[in-house]
Amino acid sequence: MGPQRSTSLSKKTGNKLHRQSLYVKQKREREKEKRESRFRRKKEEDRQPELRRERVAQNQPATIDRKRVWDDVDDDGLGASVDMEQLLKKRRLQQEEAEERLALEADEGSASEQDNDEEEDSMLGSDDEDESDEEAAAKARAKQVIRDDSLAPSTTSTNLDLTPESLVAKFPSLFSDDGPAEPQVLVTTTLNSTLHDEARLLCTLFPHSTYIPRSAHKYSHKYSVREICKFAGNRGFSSVMILREDQKKPIGLDIVHLPSGPTFHFSITNWVEGKKLPGHGNPTNHYPELLLNNFKTPLGVLTARLFQSLWPKTPELQGRQVVTLHNQRDYIFLRRHRYVFRDKRATEKSVVGADGKELKGVESIRAGLQELGPRATLKLRRIDKGIGRAGSEGDDAVQWEWKAKMEKQRTRFNL
């Protein structure tokens, strides 16, 4: 019996057919080993569910969103990339620590005065002081336990209650609670625009909106944006939108908050009408629900507040329509859906919460979505203090402007 051939490809063989058979054999062995290890792991995890939780926690994908970095500054300006929730929490902790320190100093001062006034030595007083110190330490530990962040955040929705006072003082009309419950929006375009259908489509997205086309006919008056905003403000409109085009496609959207600004300039990409979406639905006139996701910085909170002022504050739930503005890596994805509650199919999993556990009471219910359109991607380019660049004066006329160098560090975002 001759010598056996090696099944390893480390030693090259001159026979092509033999190399192919060795490669197939090794591949089958590797797949068999992977399959067996996968089944072994599954059996072990069924016996010990903690092993699966540890494996899932370790196998988190290293995305750019997870690598996001924040500016280590105590600043709530529009140019600072800070998490408002963490910043306000840090300030609250510092304030509480300062108050506790002042209270301890006041207690020590009063205790020293009492010692000077009283000549007798009291052991009970020292015991009381020790007990008070222990109680203060226990309260501090309890507060620390309450302040700890949750391991599984429940939602990515934007909390507008975290708005800093500096933004409220700088944009009082935008953050005022006296705004109309049903905003009126005037939609128009640039001069001699061909985006009449797209502008009318925007009117279906924003309730109580009116489209007025602009003309540059030689016998017509070419109204400027400031004149249009003055006209709209005198007639009860709360916002003005100017849809910009290039090569008969929408490329930008300017939103002016009346009566005196600010003005937000957005660029538009990936515009898709609702009728071009597969399986799309037809929208109704009901007030939609509004979802503002992942706006965390001061600039993001300001942008979210602008979007909130464009829709009525009280949605009509019977319409089952939702408008979503999802911020991810400074790109704002605009979507509109209709949802419906239906019975869960046998092949579907139950609804789980942020902790990965099934939600009680909805085990047999699932939610279906139907996109209504339009679909677009927005990106904030500039914020003017007044009505446009021409209507803004002073050194702070341009509150914020996007520049290419801002994206040099890919893990730092503005919104």
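Residues numbered from 1 in each chain as written. Predicted model: local features only at pLDDT ≥ 70, side-chain atom pairs only at ≥ 80, totals over all residues. Heavy atoms only, no water.

Trainee: Would you mind showing me how to read the packing of aromatic side chains here?
Mentor: Here the distance between the centres and the angle between the planes together describe a pair of aromatic rings. Within the structure shown, the criterion is met by four aromatic pairs. Plain terms: the ring middles of F206 and W311 are 4.7 Å apart, the flat faces sit at 35° to each other, and that makes the pair tilted. Of this pair, F206 sits in the loop between α6 (196–205) and β2 (209–211) while W311 sits in the loop between α8 (298–308) and β7 (321–328), placing them 105 residues apart in sequence. These aromatic residues form a ring-pair network of at least three members: F264, F266 and F307. Positioned above the aromatic ring of F39, the side-chain terminus of R38 is 6.0 Å from the ring centre. Over the ring of W402 we find R381; its NZ or CZ atom is 4.6 Å from the centre of that ring. (Phe/Tyr/Trp six-rings, centres within 6.5 Å; stacked < 30°, edge-to-face > 60°. Helix = DSSP H or I, 4+ residues; strand = E, 2+ residues; numbered from the N terminus. Lys NZ or Arg CZ within 6 Å of the ring centre and 35° of its normal.)

Trainee: Please explain a positive patch on the surface as it appears in this structure.
Mentor: Judged by side-chain charge, K32, R35, R38 and R41 come together as a positively charged surface patch. Residue position: R41 is located in helix α1 (residues 16–47). For R41, a relative accessible area of 37% gives the class partly exposed. (Patch = residues over 30% accessible without salt bridge, like charges linked within 9 Å, V, L, I, M, F, W, Y side chains within 5 Å. Areas by Shrake-Rupley, 256 points an atom, 1.4 Å probe, with all protein chains shown as cover. Salt bridge = Lys/Arg side-chain N within 4 Å of Asp/Glu carboxyl O. Lys, Arg positive; Asp, Glu negative; His and termini not counted. Charge placed at Lys NZ, Arg CZ, Asp CG, Glu CD. Buried < 20%, exposed > 50% of the residue type's maximum accessible area, 1.4 Å probe, protein only.)

Trainee: Before we go on, may I ask you to explain the pairing of strand β3 (residues 239–246) in this structure?
Mentor: Regular strands place side chains that alternate from one sheet face to the opposite one. Most of β3 sits out of view: six of its eight residues are buried. Judged from the five bridges that link them, strand β1 (residues 185–189) and β3 form a sheet pairing that is parallel. Its bridge partner lying in β3, L186 is registered against V240. Relative to strand β4 (residues 249–257), β3 runs antiparallel, the two being bridged by eight bridges. Each residue of the ladder has a partner; that of V240, found in β4, is V256. From the end of β3 to the start of β4, which pair antiparallel, there are two residues, and Q247 there has a positive phi angle of about 55°. (Pairing = 2+ DSSP bridges.)

Trainee: How should the pattern of salt bridges be read in this particular structure?
Mentor: Any two side chains of opposite charge can pair, on the condition that their charged atoms come close. Scanning all chains against the criterion turns up 15 salt bridges. A salt bridge links E45 to R55; the shortest N-O distance between them is 2.6 Å. Taken together, the positions of E45 in helix α1 and R55 in helix α2 (residues 49–58) put the pair ten residues apart, joining distant regions of the chain. Under the relative-accessibility criterion, E45 is labelled buried at 10%. We note a salt bridge from E371 to R375, for which the minimum N-O separation is 2.7 Å. Accessibility expressed as a relative area gives 16% for E371, which makes it buried. Look at the salt bridges and you will find they share partners, linking D74, D76 and R91 into a network.

Trainee: Hey, could you run me through the side chain of D384 in this one?
Mentor: Structurally, the position occupied by D384 is in strand β10 (residues 375–384). A polar contact of 3.0 Å, which involves the side chain of D384, links it to the side chain of R382. (Polar contact = N/O pair within 3.5 Å; in protein donor to acceptor, adjacent residues only side chain to side chain.)

Trainee: Got a minute to help me understand unusual backbone geometry in this structure?
Mentor: Across the chain, the bulk of peptide bonds are trans and the bulk of non-glycine residues have phi less than zero. Between L258 and P259 the backbone carries a cis peptide bond, its omega angle lying at 10°. Mapped onto the elements of the fold, P259 is located in the loop between β4 and β5 (263–272). With an omega of 0°, the peptide bond running from G373 to P374 counts as cis. A positive phi is found at N192, a non-glycine position, where the angle reads about 55°. As for its position among the elements, N192 is in the loop between β1 and α6. For N192, a relative accessible area of 51% corresponds to the exposed category. Even without glycine at this site, H208 takes up a positive phi of about 55°. Residue classification places H208 among the partly exposed residues on the basis of a relative accessible area of 32%.

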